[in-house]
Amino acid sequence: MIHWRWGEVTAVTAVGAGVVELEVEISGDRRAALAYPQLVGVPAVGDRVLVNTTAQDLGLGTGGFGFVIAIPDRLPGHETERGHLVKARYTPMQAVVLGADEPASAYHTTLRDADDLGGMPVVVADLHSALPAIVAGVHADRPGTRIAYVMTDGGALPIWFSRTVAGLRAADALVGTVTVGQAYGGDLETVSVHSGLLAAMHALGAEVTVVVQGPGNLGTGTRWGFSGVASGEAINAAAALGGRPVGVLRVSAVDPRDRHRGISHHSLTAYGRVALARCDIVVPLLPGAFGDVVRTAAVPLAERHRLVEVPLDGLETALRAAPVTLETMGRHLDDDPAAFLAAAAGGRHAAALLR
């Protein structure tokens, strides 16, 4: 059930890449809300707005925001759509976008017969928070590498929700983004992870592509009920297209949940059970007893994959120089350095594959 609420915009608090942050008064309460101008138009102070407050009311992981569904007294005009890909299909917020490989796209001829990644490293991770660390790891050893981001639909659907992506793009740390499945708003849009990878290489000219879900993963505390299962499928897609898949381990030394300490069960399940194609699993050479725990936990993955131990010298410095805030599950680099170092090690290994 959607919680529909009427509100009035009392302040525009920030304007980002594809998103506007607002303060909205709803039944006498001031609430934070987001509006995506490409979907609903540009809100202004005094506008009456219809807001979806469902996740906000339930205290779910949307960053504390409601979402503007419509500005009913000032609806956006109708533009002629060139595309035929429908994202968020059969929902009240479905949107039509131009697919990178549709006939009307400038990339149609390039992608029409594209079928191979030519050994391009494809770095796969579970959490969106791994993205900036992977990028930092690549650039630490190979500055100027052309990195593309393929965002899957396990978390946020609009890429505009990600401040991380906006910051990386502003810093020229990414050459472009591709939103796949039900996700939308990237520089390019595609139907599947497979076509997204091909677009990243052949349309954006990526040398390395990172595949991670958008912000806000979904999990139920069960072995199979988590959106990160799709990271195993991304390994399969990269291998099927002749890429070089690289699996990043989700690691934590301080997560209060047993299933996520050491190597998270998400990584062990996605790579150990779902990823049928062989890939490089990056094992970060973390120091001390915790490093031994991680290396021991990774051993069963060697039955299917190649374990690659990667040194971490210089990566903490690279992470501290990242152009965006590093945060995972509310923890920052100093709170849980192993989480970010493991992701950066994945980027370092991808860079080494290009030599």
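Report follows, based on the coordinates. (Residues numbered from 1 in each chain as written. Predicted model: local features only at pLDDT ≥ 70, side-chain atom pairs only at ≥ 80, totals over all residues. Heavy atoms only, no water.)

1. Concerning the overall build of the protein chain
Filter applied, for reference: To qualify as a helix, a DSSP run of H or I must reach at least 4 residues; to qualify as a strand, a run of E must reach at least 2; elements of each kind are numbered from the N terminus. To get the radius of gyration, use the C-alpha atoms; to get the globule rule, take the number of residues to the power 0.38 and multiply by 2.2 Å. Buried residues are those whose accessible area, probed at 1.4 Å on protein chains only, stays under 20% of the maximum for their type, while exposed residues exceed 50% and partly exposed ones sit between those limits. Residues are treated as being in contact if the distance between any of their heavy atoms lies within 4.5 Å. Shrake-Rupley sampling with a 1.4 Å probe provides the accessible areas, and residues are treated as covered by the protein chains on show and by no other component. Charge convention: Lys and Arg are scored as positive, Asp and Glu as negative, and His as well as the terminal groups of each chain are ignored. All charge positions are set by atom: Lys at NZ, Arg at CZ, Asp at CG, Glu at CD.
Helix and strand counts for the protein chain come out as eleven helices and 19 strands. Rg of the C-alpha trace for the protein chain: 20 Å, near the compact-globule value of 20 Å for 355 residues, within the 12% margin. By principal-axis analysis of the C-alpha atoms, the protein chain measures approximately 60 × 50 × 35 Å. Residues classed as buried in the protein chain amount to 53% of the 355 residues present. Contacts in the protein chain between residues at least 24 apart in sequence constitute 69% of all its contacts with a sequence separation of at least 6. Total accessible area on the protein chain is roughly 15,500 Å²; 53% of this is exposed by carbon and sulfur atoms. Between the centroid of the 28 positive side chains of the protein chain and the centroid of its 35 negative side chains there is a distance of 4 Å.

2. Considering the packing of helix H4 (residues 130-141) against helix H5 (residues 163-170)
Rule in force here: Lines fitted to the C-alpha atoms define the axes, with helices restricted to the stretch that makes contact. Angles between their N-to-C directions range from 0 to 180 degrees. By the definition adopted for this analysis, an angle is roughly parallel if under 35 degrees, roughly antiparallel if over 145, roughly perpendicular if from 65 to 115, and oblique otherwise. Nonpolar residues are Ala, Val, Leu, Ile, Met, Phe, Trp, Tyr, Cys and Pro. Charged residues are Asp, Glu, Lys and Arg, and all others, Gly as well, are polar.
Two elements in contact, H4 and H5, have axes whose closest approach is 9 Å; the angle formed by their N-to-C orientations is 25°. With respect to H5, the axis of H4 lies roughly parallel. Packed against H4, whose contacting residues are Leu131, Pro132 and Val135, the element H5 presents Thr164, Val165 and Leu168 at the interface. Among the residues forming the contact of H4 with H5, the class breakdown is five nonpolar, one polar and no charged.

3. A short note on the side chain of Glu21
You can see Glu21 is positioned in strand S2 (residues 20-26). Those residues in contact with Glu21 that lie beyond four places of it in its chain are Ala11, Val12, Thr13, Ala14, Ala33, Leu34, Phe65 and Arg163.

4. Observations concerning the sheet that holds S2
Neighbouring strands of a sheet are bound in pairs by backbone hydrogen bonds; such pairs are parallel or else antiparallel. Operational definition: Strands are treated as partners if at least two bridges between them are detected by DSSP.
Pairing is mixed in the closed barrel, where five strands are placed in the order S1-S2-S3-S5-S4. Averaged over all pairs of adjacent strands, the angle between their axes in this sheet comes to 55°, without regard to strand direction. Sheet topology note: the strand S1 (residues 4-15)/strand S4 (residues 48-52) ladder contains five bridges and is antiparallel. Paired with Gly7 across the two strands is Val49, which belongs to S4.

5. Things to note about the packing of helix H7 (residues 230-240) against helix H8 (residues 265-274)
Here is the rule: Should the near helix be turned counterclockwise from the far one by less than a right angle, the crossing is left-handed, whereas a clockwise turn marks it as right-handed.
Running from amino to carboxyl end, H7 crosses H8 at an angle of 40°, the nearest separation of the two axes being 8 Å. Judged by the inter-axis angle, H7 sits oblique to H8. Crossing of H7 over H8 shows right-handed handedness. Here Ser231, Gly232, Glu233, Ile235 and Asn236 of H7 come into contact with H8, specifically with Ala270, Tyr271 and Val274. Per-class residue counts for the contact of H7 with H8 are four nonpolar, three polar and one charged.

6. Examining the sheet that holds strand S16 (residues 280-284)
Taking strand neighbours across the sheet as the criterion, the eight strands line up as S11-S10-S9-S12-S8-S13-S16-S17 in an open arrangement whose pairing is parallel. A single partner strand is all that each edge strand has here, and the edge strands are strand S11 (188-189) and strand S17 (306-310). Packing against the sheet, H4 makes contact with strand S8 (121-124), strand S9 (147-152), strand S12 (208-213) and strand S13 (244-248), and its axis sits at approximately 160° to S9. The strands that helix H9 (residues 288-298) touches are S16 and S17; relative to S16, the one it contacts most, it runs at about 160°.

7. Overview of the pairing of S13
Counted residue by residue, S13 has four buried out of five residues, so it is predominantly covered. Pairing of S13 with S16 involves three bridges; the strand directions are parallel. Paired with Val248 across the bridge in S16 is Val282.

8. A word on the packing of aromatic side chains
Working definition: an aromatic ring pair is given by the centre-to-centre distance plus the angle between the planes. The condition that has to hold: Stacked, tilted and edge-to-face are the three classes assigned to paired rings of Phe, Tyr and Trp, where Trp is represented by its six-membered ring and a pair needs centres within 6.5 Å; plane angles under 30 degrees give stacked, over 60 edge-to-face, the rest tilted. A positively charged side chain is recorded as over a ring if its NZ (Lys) or CZ (Arg) lies within 6 Å of the ring centre. The angle to the ring normal must also be within 35 degrees.
With the rule as written, the count across this model stands at four aromatic pairs. Aromatic side chains Trp160 and Tyr184 sit 5.7 Å apart centroid to centroid with 75° between the ring planes, which places their arrangement in the edge-to-face category. Taken together, the residues Trp160 in the loop between S9 and H5 and Tyr184 in the loop between strand S10 (176-179) and S11 connect sequence positions 24 residues apart. One exposure class covers both Trp160 and Tyr184, and it is buried. Among the aromatic side chains, those forming a connected cluster through ring pairs are Tyr36, Phe67, Trp160, Phe161 and Tyr184. Over the aromatic face of Trp6 sits the side chain of Arg48, whose NZ or CZ is 4.4 Å from the ring centroid.

9. Notes on unusual backbone geometry
Its identity is not glycine, yet Tyr90 carries a phi of approximately 60°, on the positive side. Among the structural elements, Tyr90 can be located in the loop between strand S6 (85-87) and strand S7 (95-97). Overall, Tyr90 belongs to the exposed group, its relative accessible area being 80%. At Met329, a residue that is not glycine, the phi angle is positive and equals roughly 50°. Residue class for Met329 comes out partly exposed when judged on its relative accessible area of 38%.

10. Looking at the environment of Val150
One can find Val150 in strand S9. The spacing of Val150 and Thr179 is 29 residues in sequence and 5.9 Å in space, taken between C-alpha atoms. Residues contacting Val150, with those up to four places away along its chain left out, are Val178, Val180, Gly196, Leu197, Ala200, Thr209, Val210, Val211 and Val212.

11. Some remarks on a nonpolar patch on the surface
We apply this condition: Only residues whose relative accessible area exceeds 30% and that form no salt bridge are eligible for patches; like-charged ones are grouped when within 9 Å, while nonpolar side chains (Val, Leu, Ile, Met, Phe, Trp, Tyr) are grouped when within 5 Å. Put simply, a salt bridge is a Lys or Arg side-chain nitrogen that is within 4 Å of an Asp or Glu carboxyl oxygen.
Residues Val12, Val15 and Val45 make up a contiguous nonpolar surface patch of about 280 Å² in total accessible area. Take Val12: it is sitting in strand S1.

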